Structure formats: C-alpha cells, structure tokens
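The lines below spell out each chain.
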Amino acid sequence: MSKSLITSLSLAAVLVAASSLPACEKASAGATFAPASVERGRYLTVALGCADCHTPWHVGPNGPEPDASRGLSGHPAELVMPPAPELPEGPWLVSAAATNTAWAGPWGVSFTSNLTPDVETGIGSWSEDTFLASLRTGKHLGMGRPILPPMPWPGIGRLTDDDLRAIFAYLKSQPAVSNRVPEPLPPRG
Amino acid sequence: MKACRPSLRGLALAALALASCAPDAAPPAPAPDELPAHLADTGLYADATLRDVAPDVWPYDPQYPLWTDGATKRRWIHVPAGSAIDATDPEAWVFPAGTRLWKEFALGRRLETRYMEKRADGSWLRASYVWSDDGGDAVLAPAGGVAHLAEVAPGVPYDVPGRADCATCHSRGDGVLGFDALQLSAERDPLAPHANAGVPAGQDLAAFVARGLVRGLPADLLARPPRIPARTPRERAALGYLDTHCGSCHRDDGPLAGLGLTLGAELRDRDGDHPPRALVTTVGRPSRFRPPGAPSCEARIEPGAPELSTLVERMATRDPLRQMPPLGTHLVDVDALHLIETWIREDLEPTP
C-alpha cells in the first residue's frame, strides 16, 4: 500500500524536476534566525518543494508551472472537482488534478491546504505550536484527524525545530490569499 | 479498489501507506526499558493474583467519566510517601514525581489497563497493558497500540490507542484529566452521562486531602464542594460532559487556540457572574468547519436548534474525517448526544 505514497511522491518529484525552480537561495549557516529565519524558511520551502502541491499549477508561457499569483494558497475553492475516475484493478492507485492540488486514492480525496497567512482560510490563526505539532504528529492541526496522503509529513516532520520554525516564519511572511480549501472527502462507499 | 471503500478501511490504508514509508518517523517514544514489561511490575497490585491492589494505591471515580464505546472502567492513583499533589490552583493541579495512575478498561473481561507515571524531569511516561484472555497477565502494548483487540459491537472494533494518541488527549495542564477538584467533588452531578451514582466512601476530595495526598486546596472548595456554575441542571451536565470529552483539546492555549473554541469548564467564577467560555465561544458563533456541499455558514451552537449546530453534527458522526472527539471511539455516544441536543433545544433561548 505504500505504493500510493510512492506513486504520488515520485509524481511530485517529477514535477519538482520539471519546474526548475530557481535554486538561488543559500542555506543560512548560523543557528540564530531572527531576521535570517525567513530566508532559511524560504530556502527550505523551495528545496522541499512545498509549492509543487500547495500552489495550483497552470499552463504558463513555458508549459506547466505553479501559478505565482496564488502562491502556496492550496486547492482553489472555485475549482470544484468532478468525481475522481474509477481506476481498474491493478497497480494504478492514485489520480491527481491538473493543478496538482487535489488527490484521489484509497483514502478518499484530499485537497492541499492554504499555507498563506490568511486568518480565515489559511494558517493566519495558527501558532508556531500548531505548525510544529501538525508536522510532527501527522494529525490535522496537531490534534485532529490523520493528515491525508500525499502530504509527506513523516519526512518533513523530521526537520529540526529551528527549520520548522523557519518554514513557518517564511509562510507567515507571504501575501495572504483568501481561499477556502474544501474539506477532504471520504472514500467512495 | 473495492476493498478500500469503507472509510475506516481507507483511512487505515492511508495511514499504513504513510507509516510504511517512514517506519521510524514517529515522535520520540520513551525508551521502552523505562516501562515495565508487565503490569504486575508497575506497583498496582498487592500480589501475583492481580486482583487486590497494593495498600498505597487508592481507587477513585471521576464524576464526568470519559465515554469509550461503553467499556467499563476502574481507576487508581499512587502518590509517593512524603510528597503530595499541589492543589493551590484548583484548575491546574501539579503532580509530584513518582505519581502513578492506572485506568482499567473492561468489556465483560479486562481488556487493557492504561498507565502513566510522572518522571523526575516532570514529563509523563504513558502506555497501556493488554490483558491475556484468562486475566492471568497483562503485558506492555506496542507503541503503536493494538487495533481490533476486541469488539464493542458486532463488527465494531475496540482499539488500544498508541502512545502518541495518549499524549494528544492528555495535553491539558499537567496532563492528568480525571483527577481534580471538580472530578472528585462530593457534590455529584446526577445528570452526568455514564457516571456511577454517588461517590464511593473514601474517594472524594475531602478524603484525599485528609490522607495528605492533596495539599494547598483553597479552603472554600472543602467547605463548599465544587460544581459547575450553570443556569439549569441540564446545562451543568452538558458543560461537564464537554469538559471531559472536548476540553483537553479545545482550550485557550495549545495548538488549537486559533480556532477560538474553548470547551473546558471553569470553577473560578463559582457564582456564575460571567457566562462560561464554553458558551461564549459556541452559542451563535460561526463555525470554521464547512462540510462538503454546505456552503452556508453554520453556528457552532444555534440556540433552540441542535439540527443547525456544528457541534452536534460533529458529535453525531463517526466518519473518521469529521467525528468529535477525533479519536478514541467508533460509536456515537447516544446518551450524551441526547443530553446536548435537549439542552440546546430546551434551555437555550433562540435568537430572534
């Protein structure tokens, strides 16, 4: 069953490779991160490819790319997905939307979250505590239902506290985008 | 894909997918050798028959017990000789190092005994011990818990939670949820769901103070046993139920603070001059939760209308993506749901 995640992860990897995001950020070496943490967070967010899933993709002048005007704002609320295709028995397991923001698999349908600091629809009301708890435990908001695939929290959750805080600081420094991502759907039953 | 359809199954598979990709990604668990391999070695029992408890272990019975799909429970506490629980703040007791608590779960026979022990560094060890069928032994459960140890109803599993799940619920204050001034009060709430009638002799607040286990309790709480201030008896029971079942996650601090939803009960304002936070943050307050296909915004509690209240909707489902509480049960607590619905319908003034 790890196929589901592997499938989606390798898909994400393909997209990462294809997107050739500018690798211009350098890791800020020190452990101090008052102003440097935002930079460090930006480096990590780019290197770990959060935008591959959390920024909706569209077809730009140079082919598929993340839609910069909606950076990190998750599955677009207005993009109401039709029911996911029913896959035949066999090794194909997961379907993904062209935006890379909606994923159907044995867990149901998951939609990537709005990681911008909008208070109502993003992580604006989250504390650092919430962010760390969520990525460490794999529970929604650190305390709720399981976070669904393909969110790769088991790996991200192994970053150091400082690195997670830096990512959070970077996300909080982004422009807020008001976009209410739909709740996930249970498996077809 | 057919086998994956039921939602529980699907979630389990998804969880598996994640787990199998990162076998050691779980948060650091206590070194297993700090936890005895057998319940018999935790100090609970007087002897190897595993029936009578040791003389320095005290039974107690909270007035608002947690519902776990109908399992029956027994609980005990041990505080090391010479130390005591600091009860100066009646809503935030602090337990001394070496404190141990046990909670036994049974469905016809003993299934598991959950155990927690406070370490010298102030953190808690928590784990469960699973009973053998014949009740002759109980052994340490794996860190990830035990799925489907028994059934609470035909086809409905009884699961032993994993250690990370213990920490999710046991995250309020010092981490003890059912041993405090309100839970031990001699003035029991007659409407509390699933509670035993009355306090067994020697198990109320005054008895634990007299024994020296609890120190620093404000005198007025002994003179006047604590009770939740409320406008009606039903409201008192509703607030008590929400305190135990929801208040450890839904509080003013911690990861969920941003929701602005507080469901714990308060003792400080004992005469009820201020409306409780559990009402202020729910009644007429818009919910952040928007179920699929329901564009309009619902109130957490719509006075007079339980059918329009998100809080009721979340208690009344066991869809694992929506159920409240999110873990620990597979069945809706029908008695409690009835209490909360009746309270919202009968006792809360509809907004004109």
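In this text, all values refer to a predicted model and were calculated from it rather than measured experimentally.

Enquirer: In this structure, what is going on with the overall build of chain A? I would like to understand it.
Expert: Looking only at helices and strands, chain A has six helices and five strands in total. For chain A, the α and β elements follow one another from N to C terminus as α-α-α-β-β-β-β-β-α-α-α. Across the 189 residues that make up chain A, the buried fraction comes to 50%. Put simply, chain A shows about 9000 Å² of open surface, and 63% of that area lies on carbon and sulfur atoms.

Enquirer: Explain the domain arrangement of chain B to me, please; I cannot follow it from the model alone.
Expert: Frequently, the measure chosen for interface size is the accessible area that the parts lose on association. All names here are of chain B. Domain parsing of chain B yields domain 1 (1-21 + 227-352) and domain 2 (27-217). Counting residues at the interface gives 30 residues for domain 1 and 30 residues for domain 2. Between domain 1 and domain 2, the buried area comes to about 2600 Å², and carbon and sulfur atoms account for 58% of it. Remark: the boundary between domain 1 and domain 2 carries three salt bridges. A salt bridge links glutamate 187 to arginine 227, with the nearest nitrogen and oxygen atoms 2.7 Å apart. Summed over the shared surface of domain 1 and domain 2, the result is 15 residue pairs in polar contact (both at pLDDT 80 or more). With nine residues, the top contributor of residues to the side of domain 1 that touches domain 2 is helix H6 (residues 233-246). Classifying every residue of the side of domain 1 that touches domain 2 gives 12 nonpolar, nine polar and nine charged.

Enquirer: Can you help me understand unusual backbone geometry in this one?
Expert: Most peptide bonds take the trans configuration, and most residues that are not glycine carry a negative phi. Cis geometry marks the peptide bond from A:Pro149 to A:Pro150, where omega comes out at 0 degrees. Positionally, A:Pro150 belongs in the loop between helix H4 (128-137) and helix H5 (153-156). Put simply, B:Met324 and B:Pro325 share a cis peptide bond, and its omega is -10 degrees. Its place among the elements puts B:Pro325 in the loop between helix H8 (310-315) and helix H9 (334-347). Even without being glycine, A:Leu72 reaches a positive phi, approximately 60 degrees. Note on placement: A:Leu72 falls in the loop between strand E2 (63-66) and strand E3 (95-96). With relative accessibility at 6%, the residue A:Leu72 sits in the buried group. In the Ramachandran plot, B:His148 falls in the positive-phi region, its phi being about 60 degrees despite a non-glycine side chain. Topologically, B:His148 is positioned in strand E8 (residues 146-153).

Enquirer: Any chance you could explain the confidence of the model for chain B here in plain terms?
Expert: Any segment with low pLDDT has predicted coordinates that should not be analysed in fine detail. The pLDDT averaged across chain B works out to 89; a share of 88% of its residues lies at or above 70. Among the scores for the predicted complex, ipTM is 0.83 and pTM is 0.89.

Enquirer: Which parts of the structure should I look at to understand the pairing of strand E2 (residues 72-78) of chain B?
Expert: Within a regular beta strand, the side chains point alternately toward one face of the sheet and then the other, so they alternate between its two faces. Residues and elements named next belong to chain B. Most of E2 is tucked away, with five of its seven residues classed as buried. When strand E1 (residues 58-60) meets E2, the two strands line up antiparallel, connected through three bridges. Pairing of proline 59 across the sheet is with tryptophan 76, part of E2. Two elements, E2 and strand E4 (residues 100-107), share seven bridges in a ladder whose sense is antiparallel. Within the sheet, the bridge partner assigned to lysine 73 lies in E4 and is phenylalanine 105.

Enquirer: In this structure, what is going on with the pattern of salt bridges? I would like to understand it.
Expert: Oppositely charged side chains are able to pair whenever their charged atoms sit close together. By the definition in use, this model includes 26 salt bridges over all chains. Across the pair A:Arg165 and A:Asp162 runs a salt bridge, and its minimum N-O distance is 3.2 Å. Residue A:Arg165 and its partner A:Asp162 are both found in helix H6 (residues 161-172); the two are separated by three residues, about one turn of the helix. A salt bridge links B:Lys118 to B:Asp174; the nearest nitrogen and oxygen atoms lie 2.9 Å apart.

Enquirer: Can you help me understand the packing of aromatic side chains in this one?
Expert: Geometrically, a pair of aromatic rings is defined through the distance of the ring centres and the angle of the planes. Taken as a whole, this structure holds 10 aromatic pairs over all chains when the rule is applied. Ring geometry for A:Trp126 against A:Phe131: centres 6.5 Å apart, planes inclined by 55 degrees, an arrangement best described as tilted. There is no split in this pair, since A:Trp126 and A:Phe131 are both buried. With centroids separated by 6.2 Å and ring planes inclined at 65 degrees, the aromatic side chains of B:Phe95 and B:Trp124 adopt a geometry described as edge-to-face. Residue B:Phe95 is found in the loop between strand E3 (85-86) and E4, and its partner B:Trp124 is found in strand E6 (residues 124-131); the two are separated by 29 residues along the sequence. With respect to burial, B:Phe95 and B:Trp124 carry one shared label: buried. Among the aromatic residues, ring-to-ring pairing joins B:Tyr60, B:Trp93, B:Phe95, B:Trp124, B:Phe179 and B:Phe208 into one connected group. A cation sits over an aromatic face here: B:Arg110 above B:Trp131, 3.8 Å from the ring centre. If you follow B:Arg211 out to its NZ or CZ, it ends over the ring of B:Phe208, 4.9 Å from the centre.

Enquirer: Hey, could you run me through the sheet that holds strand E5 (residues 108-111) of chain A in this one?
Expert: The strands making up a sheet are joined through hydrogen bonds of the backbone, oriented either antiparallel or parallel. Residue and element names in this part refer to chain A. The three strands lie next to each other as E3-E4-E5, forming an open sheet whose pairing is antiparallel. Bordering the open sheet on either side are E3 and E5, each of which pairs with just one other strand. Where strand E4 (residues 102-105) and E5 come together, four bridges link them in antiparallel fashion. If you follow tryptophan 103 over to E5, its bridge partner there is serine 110.

Enquirer: Looking at this structure, how should I read the packing of H4(A) against H6(A)?
Expert: What describes two packed helices is the angle between their axes and the distance between those same axes. Residue and element names in this part refer to chain A. For the pair H4 and H6, interaxial distance at closest approach is 10 Å and the crossing angle is 120 degrees. Taken as axis vectors, H4 and H6 run oblique relative to one another. Like other packed secondary-structure pairs, H4 and H6 cross with a definite hand, here right-handed. Facing H4, whose interface residues are Glu128, Phe131, Leu132, Leu135 and Arg136, H6 presents Asp161, Leu164, Arg165, Ile167, Phe168 and Leu171. For the contact of H4 with H6, the per-class residue count stands at seven nonpolar, no polar and four charged.

Definitions and limits used
- Within each chain, residues carry numbers counting from 1 in the order of the written sequence.
- Naming scheme: in the order in which they are written, chains are lettered from A and ligands are numbered from 1.
- Where local features are concerned, this predicted model is filtered to residues with pLDDT of at least 70; where side-chain atom pairs are given and counted, the filter is 80 or more; whole-chain, interface and lining totals use all residues.
- Heavy atoms throughout the structure, all of them, feed into the side-chain values; hydrogens and water do not.
- Only DSSP runs of H or I with at least four residues qualify as helices, and only runs of E with at least two residues qualify as strands; both kinds are numbered from the N terminus onward.
- Partly exposed residues are those whose accessible area sits between 20% and 50% of the maximum for their type, while under 20% is buried and over 50% is exposed, using a 1.4 Å probe and protein chains only.
- Areas reported here follow the Shrake-Rupley algorithm with a probe of radius 1.4 Å; residue values treat only the protein chains shown as occluding.
- The source of the domain bounds is an automatic or database domain assignment.
- We call two residues in contact whenever any of their non-hydrogen atoms come within 4.5 Å of each other.
- Take the accessible area each of two parts loses on contact, using a 1.4 Å probe, and add the two losses: that sum is the buried area.
- Salt bridges are counted wherever a side-chain nitrogen of Lys or Arg sits within 4 Å of a carboxyl oxygen of Asp or Glu.
- Distance and chemistry together define a polar contact, namely a pair of N or O atoms within 3.5 Å, with one atom able to donate a hydrogen and the other to accept it when in protein, and with adjacent residues in sequence counting only for side-chain atoms on both sides.
- Put simply, Ala, Val, Leu, Ile, Met, Phe, Trp, Tyr, Cys and Pro go in the nonpolar bin, Asp, Glu, Lys and Arg in the charged bin, and everything else, Gly too, in the polar bin.
- Residue-level confidence of the predictor, termed pLDDT, takes values from 0 up to 100.
- By the convention used here, strands pair only if DSSP detects at least 2 bridges between them.
- Centres within 6.5 Å make a pair out of two Phe, Tyr or Trp rings, where for Trp the six-membered ring is used; the pair is then stacked when the planes are under 30 degrees apart, edge-to-face when over 60, and tilted otherwise.
- Our definition puts a charge over a ring when NZ of Lys or CZ of Arg is within 6 Å of the ring centre and also within 35 degrees of the ring normal.
- As a rule, the C-alpha atoms of each element are fitted with a line to give its axis, helices using only the stretch in contact, and angles between N-to-C directions run from 0 to 180 degrees.
- Roughly parallel here means an angle under 35 degrees, roughly antiparallel means over 145, roughly perpendicular means 65 to 115, and every remaining angle is called oblique.
- Working rule for handedness: look at the near helix, and if it is turned counterclockwise from the far one by less than a right angle, call the crossing left-handed; if clockwise, right-handed.

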